[in-house]
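Tertiary structure, described
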Amino acid sequence: VDLLRRLDPMLGTNGTDGKPLSVTQSSSSVESGAVDSSRRWIRDVALGGDHTVLLSSNRKDVIVFGKGGENQLGLSSKPWVSSPAKSKVLSSASGNISAVCAFRNCSMTLDADGQVMSKAGKCSFELKGMTK
């Protein structure tokens, strides 16, 4: 949680005045079906061998950091990224990323059906009977 708060100081706040969300605020927004449209919320996190991949709540932006020597960050030839950076290779203009995956020296984004949308690094494996 501390790392995520360093990445986003507004994490856990209402996004406007920096005050923490109360239990009633968070539960009422879930019940009403309200969707947070800010880019500050993290929707998904994946941990690879030596790298981390984050999906923002807008389902477009993929943020990466860590070891990138095998291009697993999608940041062409950066061996190490210590501060979070947006990966253009893994991000999507359409905003339909459902999940991020990371393992060893590979990162991927998945759509709602679990199909691979984009990948970075050395991703050679068998997925749903197909070699990717």
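Residues numbered from 1 in each chain as written. Predicted model: local features only at pLDDT ≥ 70, side-chain atom pairs only at ≥ 80, totals over all residues. Heavy atoms only, no water.

1. Quick notes on the overall build of the protein
Looking only at helices and strands, the protein features two helices and nine strands. Seen in sequence order, the protein has helices and strands lined up from the N terminus as α-α-β-β-β-β-β-β-β-β-β. Taken across its 132 residues, the protein has 32% of its residues classed as buried. Taking as baseline every contact in the protein between residues at least 6 positions apart, the subset at least 24 positions apart corresponds to 36%. In the form shown here, the protein has an accessible surface area of approximately 8000 Å², with 53% of it arising from carbon and sulfur atoms. (Helix = DSSP H or I, 4+ residues; strand = E, 2+ residues; numbered from the N terminus. Buried < 20%, exposed > 50% of the residue type's maximum accessible area, 1.4 Å probe, protein only. Contact = heavy atoms within 4.5 Å. Areas by Shrake-Rupley, 256 points an atom, 1.4 Å probe, with all protein chains shown as cover.)

2. A few points about the sheet that holds strand S4 (residues 80–86)
Sheet strands pair via backbone hydrogen bonds, and the direction of the pair is either parallel or antiparallel. Reading across the sheet, the four strands line up as S1-S2-S3-S4 and stay open at both edges, with antiparallel pairing between neighbours. This sheet does not close on itself; its edge strands, each paired only once, are strand S1 (42–47) and S4. On average, adjacent strands in this sheet sit at an angle of 10° to one another, irrespective of strand direction. (Pairing = 2+ DSSP bridges. Axes fitted to C-alpha atoms, helices over the stretch in contact; angles between N-to-C directions.)

3. Some words on the state of the cysteines
Going through the model one piece at a time under the given rule, you end up with one disulfide. Note on cysteine connectivity: cysteine 106 is disulfide-linked to cysteine 123, with sulfurs 1.8 Å apart. Where cysteine 106 bonds to cysteine 123 through sulfur, the torsion about that S-S bond is close to 100°, and the disulfide is right-handed. Of this pair, cysteine 106 sits in strand S6 (residues 106–110) while cysteine 123 sits in the loop between strand S7 (116–121) and strand S8 (126–127); the two residues are 17 residues apart in sequence, bridging distant segments of the chain. By the burial criterion, cysteine 106 is buried, and cysteine 123 matches it. (Disulfide = S-S within 2.5 Å.)

4. Examining the nonpolar core
Val53, Val62, Val64 and Val100 are the most contacted members of the largest nonpolar core, which has 15 residues in total. For this core, the secondary-structure elements that each account for two or more residues are strand S2 (51–56), strand S3 (62–67) and strand S5 (99–103). Apart from residues lying up to four places away in sequence, valine 64 is in contact with Thr52, Val53, Leu73, Leu75, Val81, Ser83, Pro84, Ala85, Ser87 and Leu90. (Core = buried A, V, L, I, M, F, W, Y, C linked by side-chain atoms within 4.5 Å.)

5. Some thoughts on the side chain of glutamine 72
The topology assignment puts glutamine 72 in the loop between S3 and S4. Within the structure, the side chain of glutamine 72 is placed 3.1 Å from the backbone oxygen of lysine 67, a separation counted as a polar contact. (Polar contact = N/O pair within 3.5 Å; in protein donor to acceptor, adjacent residues only side chain to side chain.)

6. Topic: the pattern of salt bridges
For the structure shown, the criterion picks out two salt bridges. Linking aspartate 61 and lysine 86 is a salt bridge whose minimum nitrogen-to-oxygen distance equals 3.1 Å. Here aspartate 61, found in the loop between S2 and S3, pairs with lysine 86, found in strand S4; they are 25 residues apart in sequence, far enough to count as distant. When its relative accessible area of 9% is taken as the criterion, aspartate 61 is described as buried. By relative accessible area, which is 44% here, lysine 86 ends up partly exposed. (Salt bridge = Lys/Arg side-chain N within 4 Å of Asp/Glu carboxyl O.)

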